[in-house]
Amino acid sequence: MTTKHFIGLGVAGNFAGHLEQAGEAADFAKVKTTEEVQPKAIFPFYVPADNLGDYQFLATYPLSNDAINFPQDADNLQIEPEIALICDVTYENNQVTALIPTHFAAYNDCSIRRPNARKICEKKNWGASSKGLSATQLPLDHFNEGGTLDHYNIACFHKRNGELNAYGIDSPAMEYSYFHQKLLDWIVNQMNHQPDEGPMNDIATMLKQANYPTQAIISIGATRYTPFGETNFLQPGDVSMVVVYNAKKYSHAQIEEMAKLETFSEDISALVQAVR
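Summary of the structure given here. Keep in mind that this is a model prediction, so the values were computed, not measured.

Quick notes on the rules
Residues numbered from 1 in each chain as written. Predicted model: local features only at pLDDT ≥ 70, side-chain atom pairs only at ≥ 80, totals over all residues. Heavy atoms only, no water. Salt bridge = Lys/Arg side-chain N within 4 Å of Asp/Glu carboxyl O. Helix = DSSP H or I, 4+ residues; strand = E, 2+ residues; numbered from the N terminus. Buried < 20%, exposed > 50% of the residue type's maximum accessible area, 1.4 Å probe, protein only. Pairing = 2+ DSSP bridges. Contact = heavy atoms within 4.5 Å. Axes fitted to C-alpha atoms, helices over the stretch in contact; angles between N-to-C directions. Phe/Tyr/Trp six-rings, centres within 6.5 Å; stacked < 30°, edge-to-face > 60°.

**Let's talk about the pattern of salt bridges**
If the charged atoms of two oppositely charged side chains come close together, the side chains can form a pair. Counted according to the given criterion, the structure contains 12 salt bridges. The residue Asp109 makes a salt bridge to Lys124 at a minimum N-O spacing of 2.8 Å. Here Asp109 is found in the loop between β7 (95–108) and β8 (111–112), whereas its partner Lys124 is found in the loop between β8 and β9 (131–133), with 15 residues between them in sequence. For Lys159, the salt bridge goes to Glu262, with nearest N and O atoms at 3.0 Å. Of the two residues, Lys159 sits in strand β11 (residues 152–160) while Glu262 sits in the loop between α5 (252–261) and β15 (269–275), which places them 103 residues apart along the sequence. In this structure Lys159 comes out as buried when scored by relative accessible area, which is 10%.

**Observations concerning the sheet that holds strand β4 (residues 67–68)**
If you trace the 5 strands from one edge of the open sheet to the other, you get β4-β15-β14-β11-β12, paired in mixed fashion. Looking at the sheet topology across the chains shown, the edges are occupied by β4 and β12 (163–172). Sitting on the sheet, α5 touches β11, β12 and β14 (239–246), and the angle it makes with β11 is about 35°.

**Points about the packing of aromatic side chains**
For the coordinates displayed, the defined rule picks out 11 aromatic pairs. Taking the centre distance of 5.2 Å and the plane angle of 85° together, the rings of Tyr46 and Tyr61 count as edge-to-face. Here Tyr61 lies in the loop between β2 (41–46) and β3 (63–64) and Tyr46 lies in strand β2, a separation of 15 residues in the sequence. Both rings, one in Phe143 and one in Phe179, keep their centres 5.1 Å apart while their planes meet at 80°; by these two values the pair is edge-to-face. Highlighted residues: Phe143 in the loop between β10 (138–139) and β11 and Phe179 in the loop between β12 and α2 (180–193), separated in sequence by 36 residues. Judged by its relative accessible area of 5%, Phe143 falls in the buried class. Ring pairs connect the aromatic residues Phe15, Phe143, Tyr176 and Phe179, which therefore count as one cluster.

As far as function goes, none of this settles anything; it's purely spatial.
The structure is reproduced here in structure tokens:
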């Protein structure tokens, strides 16, 4: 599946405790939400357009299924283990009317921790291979309660000099604060109405600049870190792994054994990236 014509969007604050661990909760202190567990914002990480002004860096395609390019100006780079939804986008009168997820995949919203960044997106795309999307994109039966994705977990590992550590807490997809149609409805509203305010971007303007793309990759939020993940940052030579697997079929111990070998079963969406 080629994704260079998709728009790439992420959801911030959809997993309890992640923003605090990432040192980013203060960035969203002034963002008003109607529910305590509501995500804070959506952000662009890829916009296929050549008229983005100050955000032209977002036009560089950042996704890789096997590598992370280490940014020259940062030493505090962290894996962000997530599920990405591959969605069709429908419009009416230049407003988004629906997101229809067709596939899901393991995703690494790899981020530079920049405490003084004006916008979320400034931490997200520093060029080619600054993000990760698994080449194994699994079909969705549907994205309602009772669907196959409800049985999936997100695991995350880090390997350095052959030593493997759990980097993210192995978490069921059902632990997302917003999920199913509630999440999609909220994202659609943000795509149409999110203001260019604080850490947020005006997504509606970016959709227009990209000539209203009909497909999107949407990463729906990073899980919490283990103590190791919270305090250890990526370095060249490391290997990052995000694994989205059916927890009814596989145990965490089985996934960990596959991670040691960096080889996963075909029905698992695994993203193995070498940091270079």
